[in-house]
Amino acid sequence: MSELQDKVVLVTGGSGGLGRSLGRAFARQGSRVVLAARSEAKLTAAAEEIARDGGKVLPLVCDVTVKDQVQKLADSIRAHWGNVQILINNAGIAKAAGFLDMPDSLWDEILKTNLTGPYNCCKIFLPGMIEARWGRIINIGSTTSKVAYSHVAAYVSSKHGLTGLTRVLALETARLGITVNAICPGYLDDELTHANAQQMAQKTGKSIDQILAMFASSSPQKRLIAPEEVAELALLMASDKLASMTGQAVSIDGGATMI
């Protein structure tokens, strides 16, 4: 995908498993990749991993829930490489609780990270794309962007909201050379899924392998989704090959939702 050569790509949540996979995939296409996250140590490790393969990568600490930090992030990127051309809103958190047992603080935390974070990033980085008459925004959703699950009211609400934001921005930018889409993965084979499995195992008395098998059984393919699969779809969405795709929420979930 030669059109991705030297494009400036920002991946939020860039220190985690999916963020690393996204950053690595774009770096291999010759893009200039910015990884943003809250943990400097994890960011440094992720950037070093990509740089060892010859990738052009810039790690920058940022909490996307704080708009001033996002603006400083934009200023730093502009000073190094110019405006962000491809924004991947990947930062997110998932915590479970029954609705009546869920503290208000948990609702606020999840909505702030999973929905207000992408809002802040779109607000800051979209004007540069409009000025250039070219840009890509890829929001990382979930199967919960389309269907509901018990005990995750805040998470489901945040991901449904992200789909709404995706569609509105797609409409408002449809004739400006910009596409806005979402990727909706099922259970990923990453550290977050394994951490959730460990917590569930402790609560239920089941083994971690049993919990992971339960996660995998939620899809007809009976398997977890590799982060690299999501990254490959993101490459296609960012390329000119899918320039007419906008406002879509594309499932990559082993057939779990069939929507």
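Residues numbered from 1 in each chain as written. Predicted model: local features only at pLDDT ≥ 70, side-chain atom pairs only at ≥ 80, totals over all residues. Heavy atoms only, no water.

A. Expanded view of the pairing of strand E2 (residues 32–37). The element E2 is largely enclosed, with a buried count of 6 among its 6 residues. Of the two faces of E2, the one lined by Arg-32, Val-34 and Ala-36 and the one lined by Val-33, Leu-35 and Ala-37 are each fully buried. Where strand E1 (residues 8–12) lies against E2, 5 bridges are found, and the strand directions are parallel. Residue pairing for E2: Leu-10 is matched across the bridge by Val-34. This β-α-β element, E1 to helix H1 (residues 17–28) to E2, shows right-handed connectivity. Handedness of the crossover joining E2 and strand E3 (residues 56–61) through helix H2 (residues 40–52) is recorded here as right-handed. (Buried < 20%, exposed > 50% of the residue type's maximum accessible area, 1.4 Å probe, protein only. Helix = DSSP H or I, 4+ residues; strand = E, 2+ residues; numbered from the N terminus. Pairing = 2+ DSSP bridges. Right-handed = clockwise from strand over helix to strand, strands pointing away.)

B. How the structure looks around the pattern of salt bridges. Applying the stated rule across the entire model yields 8 salt bridges. In this structure, Arg-20 engages Glu-49 in a salt bridge whose closest nitrogen and oxygen atoms are separated by 2.9 Å. Within this pair, whereas Arg-20 is found in helix H1, its partner Glu-49 is found in helix H2, the two being separated by 29 residues in sequence. The closest approach of N and O atoms between Glu-109 and Lys-95, which form a salt bridge, is 3.2 Å. Residue Glu-109 is located in helix H4 (residues 104–132), and its partner Lys-95 is located in the loop between strand E4 (86–89) and H4; the two are separated by 14 residues in the primary sequence. (Salt bridge = Lys/Arg side-chain N within 4 Å of Asp/Glu carboxyl O.)

C. Fine view of the environment of Val-84. Inspection of the secondary structure assignment puts Val-84 in the loop between helix H3 (67–80) and E4. Here Val-84 falls in the buried class, since its relative accessible area comes to 5%. Sequence-wise, Val-84 and Arg-136 are 52 residues apart; in three dimensions their C-alpha atoms are separated by 9.3 Å. The contact partners of Val-84, leaving out residues within four places of it in the chain, are Val-8, Leu-10, Ile-77, Phe-125 and Met-129. (Contact = heavy atoms within 4.5 Å.)

D. The arrangement of the side chain of Asn-90 in detail. Turning to its location among the elements, Asn-90 is positioned in the loop between E4 and H4. Ignoring anything within four residues of it in the chain, the contact list for Asn-90 reads Val-11, Thr-12, Gly-13, Leu-18, Gly-19, Leu-22 and Ile-140.

E. Highlighting helix H6 (residues 191–204). Here H6 is 14 residues long and its end C-alpha atoms lie 20 Å apart, about the 20 Å a rise of 1.5 Å per residue gives. Buried within H6 we find Thr-193, Ala-197 and Ala-201. All buried residues of H6 project into a common sector of 80° when viewed along the axis, lining one side. Across H6 from its buried face, at more than 90 degrees, point the exposed residues Gln-202 and Lys-203. Of the surrounding elements, those touching the buried residues of H6 are helix H7 (208–216). Gly-205 occupies a position one or two residues after H6 and carries a positive phi of about 85°. (Expected span 1.5 Å × (residues − 1). Arc of directions from axis to C-beta.)

F. Spatial organisation of the nonpolar core. Residues Phe-26, Leu-35, Ile-88, Ile-138, Ile-183 and Val-230 are the most contacted members of the largest nonpolar core, which totals 31 residues. Listed by contribution, the elements that provide at least two residues to this core are E1, H1, E2, H2, E4, strand E5 (135–140) and helix H8 (227–238). If you tally residues by element for this core, the top one is H8, at 7 residues. Residues within four places of Ile-183 in sequence aside, it is in contact with Ile-138, Asn-139, Ile-140, Gly-141, Ser-142, Val-230, Leu-233, Ala-234, Met-237, Val-250 and Ile-252. (Core = buried A, V, L, I, M, F, W, Y, C linked by side-chain atoms within 4.5 Å.)

G. Representation of the packing of aromatic side chains. Under the defined criterion, the tally for this structure stands at 1 aromatic pair. Ring geometry for Tyr-187 and Phe-215: centres 4.3 Å apart, planes at 10°, overall stacked. A residue pair is termed long-range when its members are at least 10 positions apart, and Tyr-187 in the loop between strand E6 (178–185) and H6 and Phe-215 in helix H7 qualify at 28 residues. Sitting over the ring of Trp-134, Lys-7 keeps its end group 4.7 Å from the ring centre. (Phe/Tyr/Trp six-rings, centres within 6.5 Å; stacked < 30°, edge-to-face > 60°. Lys NZ or Arg CZ within 6 Å of the ring centre and 35° of its normal.)

H. Fine view of the environment of Val-66. For Val-66, the location among the structural elements is in the loop between E3 and H3. Look at Val-66 and you get partly exposed, because its relative accessible area is 32%.

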